[in-house]
Amino acid sequence: GQIVDVDAAISRETGPESYCQWFLPAMIFLRAGLGSQCWHNPYKRARLTIDDPLLRSQYGFLRYDKLLDSMRRVPYGTSIAFIPWNYRRSRQAVANLFLKNAQQLSLCVHGCDHTNREFCADDENQLLQRANLALQRMRRHRESSGIPHEEVMVFPQGLFSMAAIRALRKSRYLAAVNNSLYPGYSGGTLRLGDLLLPAMDRYHGFPIFPRGDTTTIFRVGVDLFLGKAGIVVEHHEFVRDGYSQWEAFAEQMNRLDDQLAWPSLIETVTESCLQKVTGENRIEVRFFTHTFRWHNNSDEPAHLQLSKFDPDPMLIKEIRVDGQVSPFRVSDSFVRLEVLVAPRAVITVEVLDEETSISPFRASVAYRVRTGLRRYLSEFRDNS
């Protein structure tokens, strides 16, 4: 008898699952009645993320050879949230496992030094330096190990400030993946509608993709129905007693939808969208990342009406479609463009911001000593 208002403010203590009884029945009815004319994500995606581990044969309870064996038993994929401070410490034998199994294993960015509240500062310039240094370290890691990295940030302790989101955008990260969608320890609210999207892009038009733990399959099911990716988070302790408990959960996830796939995080975020059919061969698509790929799986050309939420459109230099500059317009805080896509073709849309000058991050000797001590003590704890 009640349908919730999607513009209702939701506090950080309340997740969308608390409102399921008031929006799911209506959404199920609309989806069943309207089919492809209703907003939906055409791709069902999932990914396991494991925070912190070094690329050594064993880190805590995690062994990469055992992890690969598990992924062969039960289809799933894993992204390691890698701390860039460790960029010179990877073992090549483990790096080779990543290179040989690129679909199953990948690296994303986990902070920079992984210090306490590292991305909670309000100094945008300092955050810009840290975000850029993290990418520089990941590039050096790629040069030495051969492993490419996903330009996706996982915030240490799940904490970030509004300034950090703007810094990530200016540093050309594609997205953040995080447990919380709320900044810092401060209060603040989002709308329920923001939490129902595949990615929350209310802050500076930069997408934050939610991830959750493995305590309940219900939340994963709701996320997939809403068009979100089923991204889950663990640390090395999740295999303290072996992989059977996690594998059972992954099997439950696979049973939720026979089209569920486990691609890399970069593929998951850059292909996430909401779309609906608006006429013959006409499709309206809302995308979230500054690089977006769309597949026309039809034997007919598709006329796309593309849109992306962006409250900071003045940052945009140009938009390119398959490398060619494309006209666009801005209205109601959305950038909009139209594209004709050939049958069975794939297009890449790039929203390019103006270049930002970034000065080098210069840490004091005391900071470097504290950071190194923190990292080694953390590893001692995890390996004890």
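Structure report, in brief. (Residues numbered from 1 in each chain as written. Predicted model: local features only at pLDDT ≥ 70, side-chain atom pairs only at ≥ 80, totals over all residues. Heavy atoms only, no water.)

1. Some details on the overall build of the protein chain
Next up, step 1: Looking only at helices and strands, the protein chain has ten helices and 20 strands in total.
Next up, step 2: Relative to the 2.2 N^0.38 estimate, which gives 21 Å for 384 residues, the radius of gyration of the protein chain is 21 Å and therefore close to what a compact globule would have.
Next up, step 3: On the principal axes, the C-alpha backbone points of the protein chain span a range of 60 × 50 × 45 Å.
Next up, step 4: Within the protein chain, buried positions represent 53% of all 384 residues.
Next up, step 5: With the model as given, the accessible surface of the protein chain reaches about 17400 Å², and the carbon-plus-sulfur share is 50%.
Next up, step 6: Within the protein chain, one finds 47 positive and 45 negative side-chain charges whose respective centroids are separated by 6 Å. (Helix = DSSP H or I, 4+ residues; strand = E, 2+ residues; numbered from the N terminus. Rg over C-alpha atoms; globule rule 2.2 N^0.38 Å. Buried < 20%, exposed > 50% of the residue type's maximum accessible area, 1.4 Å probe, protein only. Areas by Shrake-Rupley, 256 points an atom, 1.4 Å probe, with all protein chains shown as cover. Lys, Arg positive; Asp, Glu negative; His and termini not counted. Charge placed at Lys NZ, Arg CZ, Asp CG, Glu CD.)

2. Quick notes on the packing of helix α2 (residues 64-73) against helix α3 (residues 92-100)
Next up, step 1: Where α2 meets α3, the axes come as close as 11 Å, and the angle between the chain directions of the two elements is 15°. For the element pair α2 / α3, the angle class is roughly parallel. The chirality of how α2 crosses α3 is left-handed. Here Tyr-64, Asp-65 and Leu-68 of α2 lie close against α3, whose contacting residues are Val-94, Leu-97 and Phe-98.
Next up, step 2: Of the residues that constitute the contact of α2 with α3, the class distribution is five nonpolar, no polar and one charged. (Axes fitted to C-alpha atoms, helices over the stretch in contact; angles between N-to-C directions. Parallel < 35°, antiparallel > 145°, perpendicular 65-115°, else oblique. Left-handed = near helix turned anticlockwise from the far one by under 90°. Contact = heavy atoms within 4.5 Å. Nonpolar A, V, L, I, M, F, W, Y, C, P; charged D, E, K, R; others polar.)

3. Thoughts on the pattern of salt bridges
Next up, step 1: This model, assessed by the stated rule, comprises 23 salt bridges.
Next up, step 2: Its salt-bridge partner being Asp-65, residue Arg-63 comes within 2.6 Å of it at the nearest N-O pair.
Next up, step 3: Given the relative accessible area of 32%, Asp-65 is considered partly exposed.
Next up, step 4: Salt-bridge contacts for Arg-169 lead to Asp-310; the nearest nitrogen and oxygen are separated by 2.9 Å. With Arg-169 in helix α5 (residues 162-170) and Asp-310 in the loop between β15 (302-309) and β16 (316-321), this pair connects stretches of sequence that are 141 residues apart. Here the two residues Arg-169 and Asp-310 agree in accessibility, since each one is buried.
Next up, step 5: Where salt bridges share partners, they join Asp-7, Arg-191, Asp-194 and Arg-202 into one cluster. (Salt bridge = Lys/Arg side-chain N within 4 Å of Asp/Glu carboxyl O.)

4. Considerations on the pairing of β16
Next up, step 1: Here β16 runs beside strand β20 (residues 346-353); their pairing, made up of five bridges, is antiparallel. In the strand pairing of β20, Val-321 is matched with Val-349.
Next up, step 2: Hairpin geometry of β16 and strand β17 (residues 324-326) is characterised by an intervening segment of two residues between the two adjacent antiparallel strands and by a positive phi of about 55° at Asp-322. (Pairing = 2+ DSSP bridges.)

5. Looking at the packing of aromatic side chains
Next up, step 1: Tallying each qualifying case throughout the model produces 13 aromatic pairs.
Next up, step 2: The interplanar angle of 65° and the centroid separation of 6.0 Å between the aromatic rings of Tyr-76 and Trp-262 together place this pair among those described as edge-to-face. Of this pair, Tyr-76 sits in the loop between α2 and β5 (78-82) while Trp-262 sits in the loop between α8 (244-256) and α9 (265-270); the two residues are 186 residues apart in sequence, bridging distant segments of the chain. You'll find Tyr-76 and Trp-262 in the same group, each marked buried.
Next up, step 3: Ring geometry for Phe-361 versus Tyr-367: centroids 6.0 Å apart, planes at 75°, classification edge-to-face.
Next up, step 4: On the basis of relative accessible area, Tyr-367 is assigned to the buried category, the value being 14%.
Next up, step 5: Following the ring pairs from residue to residue traces out a cluster consisting of Tyr-76, Phe-238, Tyr-243, Trp-246, Phe-249 and Trp-262.
Next up, step 6: One cation-aromatic arrangement involves Arg-31 over Phe-225; the distance from NZ or CZ to the ring centre is 4.5 Å. (Phe/Tyr/Trp six-rings, centres within 6.5 Å; stacked < 30°, edge-to-face > 60°. Lys NZ or Arg CZ within 6 Å of the ring centre and 35° of its normal.)

6. Structural notes on the environment of Gly-242
Next up, step 1: Secondary-structure assignment places Gly-242 in the loop between β11 (230-234) and α8.
Next up, step 2: Taking the C-alpha atoms as reference, Gly-242 lies 33 Å from Phe-160; in sequence the two are 82 residues apart.

7. Focus: helix α1 (residues 20-34)
Next up, step 1: Taking 1.5 Å of rise per residue, 15 residues should cover 21 Å, and α1 covers 20 Å from first to last C-alpha, within 8% of that figure.
Next up, step 2: All of the buried residues in α1 are Cys-20, Phe-23, Leu-24 and Arg-31. Buried residues of α1 fall within an arc of 100° about the axis and therefore sit on the same side. Summarising the geometry of α1, the exposed residues directed more than 90 degrees from the buried face are Gln-21, Phe-29 and Gly-33.
Next up, step 3: In this structure, the buried side of α1 is in contact with α6 (192-195) and α7 (217-226). (Expected span 1.5 Å × (residues − 1). Arc of directions from axis to C-beta.)

8. Concerning the nonpolar core
Next up, step 1: Core analysis: the largest hydrophobic core is formed by 69 residues, its most contacted members being Leu-67, Tyr-76, Phe-98, Phe-155, Tyr-173 and Trp-246.
Next up, step 2: The element best represented in this core is helix α4 (residues 124-145), accounting for seven residues.
Next up, step 3: The contact partners of Trp-246, leaving out residues within four places of it in the chain, are Leu-48, Tyr-76, Thr-214, Val-232, Phe-238, Met-253 and Trp-262.
Next up, step 4: Core analysis: the second largest hydrophobic core is formed by 19 residues, Val-321, Val-341, Ile-347 and Val-349 among them. (Core = buried A, V, L, I, M, F, W, Y, C linked by side-chain atoms within 4.5 Å.)

9. With respect to the pairing of β20
Next up, step 1: Relative to β20, strand β14 (residues 291-295) runs antiparallel, the two being bridged by five bridges. Looking at the pairing, Phe-292 lines up with Val-349 of β20.

10. Topic: the environment of Asp-65
Next up, step 1: Considering the arrangement of structural elements, one finds Asp-65 in helix α2.
Next up, step 2: Asp-65 sits 218 residues away from Ile-283 along the chain, and the two C-alpha atoms are 44 Å apart.
Next up, step 3: For Asp-65, the side chain forms a polar contact with the side chain of Arg-63, separated by 2.6 Å. (Polar contact = N/O pair within 3.5 Å; in protein donor to acceptor, adjacent residues only side chain to side chain.)

11. As for the sheet that holds β14
Next up, step 1: Read from one edge to the other, the open sheet built from four strands follows the order β14-β20-β16-β17, with strand pairing classed as antiparallel. In this open sheet, the two edge strands, each paired with only one partner strand, are β14 and β17. Across the sheet, the mean angle separating the axes of adjacent strands is 30° when strand polarity is ignored.

Everything listed here is a matter of geometry and, on its own, says nothing about what the molecule does.
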